[in-house]
Amino acid sequence: METHTLGLCSYRTRNAYLDRLENLAEAAPLFNELSSGSPVDCAFVIGADVHEADSSMPDAVMHRLLDSVEGRQNVSVATPVVVTGFAEDFYECVRQGENYSLELLIPPDVFERTRAAFPTLTDELLDDENVSLHTTSIPFSFGLWIVDSAEAGIIVFTDQGVCGILVNDTPEALDWATDQYERAKQDADPVFLRGRV
C-alpha cells in the first residue's frame, strides 16, 4: 500500500513538473520580448494561459483582455502604453459590470497623448465617478491588470505592438500582480476633469 502511494505521488510530481516546463516553453516567445530586468516572476508564469499574438493580426490578442474585464466589478490597470484601437472597447466592457470600479495608472505623457487623440473618451472617464485615473511612472515595460482579485494578466509590448498576453488566476500569481500594481501606484497623482478639483 505504501509503495503504491509513493508511486502515485512520484507520478503526479513528475507530471506537474513536466506541465510547468511545457508552460514555460509556451511562454518563452513572450519572455524574449520583455526588457532585461523585467520583474515578471515564475509565480505569475507557472500555470498562466499564454496567448501569443498572430503576426497577421497582432492586436486581435487584445480580445483576451476584453473578455477578462467584461462585466467585472473591480478592474485595476497599470500600463506604460495605451493600445488606442481598444481604448473605447475596453471602457465599454468594464462599464457592463454592475457597480463597476476602474482604476487606471498611466504615465503623464501617455495621458496627454490619449487626451489629445480621444478627448471625448478621456472626459467621459474623468467624469465617471466609478473611474479613478492616475498618472505615474510605470516601473515595468508590460501592461498589468487585475480583475475582482480573481484573475490577473500582463500584456507584453514590443516596438511593433502587442506580442502577447499571459493570464493567471492562482493565488501566487495574484499576490505577485498585486505587489507590482501597488508598487506602481505608490507615487501616483490623481487626474481630474478640467475645471474640477
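Please refer to the structure higher up on the page.
Residues numbered from 1 in each chain as written. Predicted model: local features only at pLDDT ≥ 70, side-chain atom pairs only at ≥ 80, totals over all residues. Heavy atoms only, no water.

## Topic: the overall build of the chain
Right, on to step 1. Looking only at helices and strands, one finds seven helices and eight strands in the chain.
Right, on to step 2. Burial statistics for the chain: of 197 residues in total, 44% are counted as buried.
Right, on to step 3. Of all intrachain contacts in the chain linking residues separated by at least 6 positions in sequence, the fraction that spans at least 24 positions is 75%. (Helix = DSSP H or I, 4+ residues; strand = E, 2+ residues; numbered from the N terminus. Buried < 20%, exposed > 50% of the residue type's maximum accessible area, 1.4 Å probe, protein only. Contact = heavy atoms within 4.5 Å.)

## Quick word on helix H6 (residues 119–127)
Right, on to step 1. Buried residues of H6: Leu121, Thr122, Leu125 and Leu126, and no others. Looking straight down H6, one finds that the buried residues subtend no more than 135 degrees of arc, so they occupy a single side.
Right, on to step 2. Among the structural elements, helix H4 (87–95), strand S3 (101–106), helix H5 (108–117) and strand S4 (131–135) are those in contact with the buried residues of H6. (Arc of directions from axis to C-beta.)

## Some words on H5
Structurally, the α-helix is built with 3.6 residues per turn, so residues lying three or four positions apart point the same way.
Right, on to step 1. Taken residue by residue, H5 has Val110, Phe111, Thr114 and Arg115 as its buried positions. Angular distribution of buried residues about the axis of H5 spans 135 degrees; they occupy a single face of the element. Among the exposed residues of H5, those pointing more than 90 degrees away from its buried face are Arg113 and Ala116.
Right, on to step 2. Turning to H5, the residues buried within the fold contact S3, H6 and S4.

## Structural notes on the side chain of arginine 64
Right, on to step 1. For arginine 64, the location among the structural elements is in helix H3 (residues 63–69).
Right, on to step 2. Using a relative accessible area of 18% as the deciding quantity, one classes arginine 64 as buried.
Right, on to step 3. A distance of 3.3 Å separates polar atoms of two side chains, one belonging to arginine 64 and the other to glutamate 151.
Right, on to step 4. Apart from the residues lying within four places of it in its own chain, the contact partners of arginine 64 are His51, Glu151, Ile165 and Val167. (Polar contact = N/O pair within 3.5 Å; in protein donor to acceptor, adjacent residues only side chain to side chain.)

## Structural notes on the nonpolar core
Right, on to step 1. By size, the foremost hydrophobic cluster in this structure holds 35 residues, and its most contacted members are Val69, Phe90 and Trp145.
Right, on to step 2. For this core, the leading source of residues is H4, giving five residues.
Right, on to step 3. The residues contacting tryptophan 145, other than those within four sequence positions of it, are Leu65, Ser68, Val69, Ser76, Val77, Glu151, Ala152, Gly153, Ile154, Ile155, Ile165 and Val167.
Right, on to step 4. Counting 22 residues, the second-largest nonpolar core is a separate cluster that includes Phe140, Ala152, Ala173 and Ala177. (Core = buried A, V, L, I, M, F, W, Y, C linked by side-chain atoms within 4.5 Å.)

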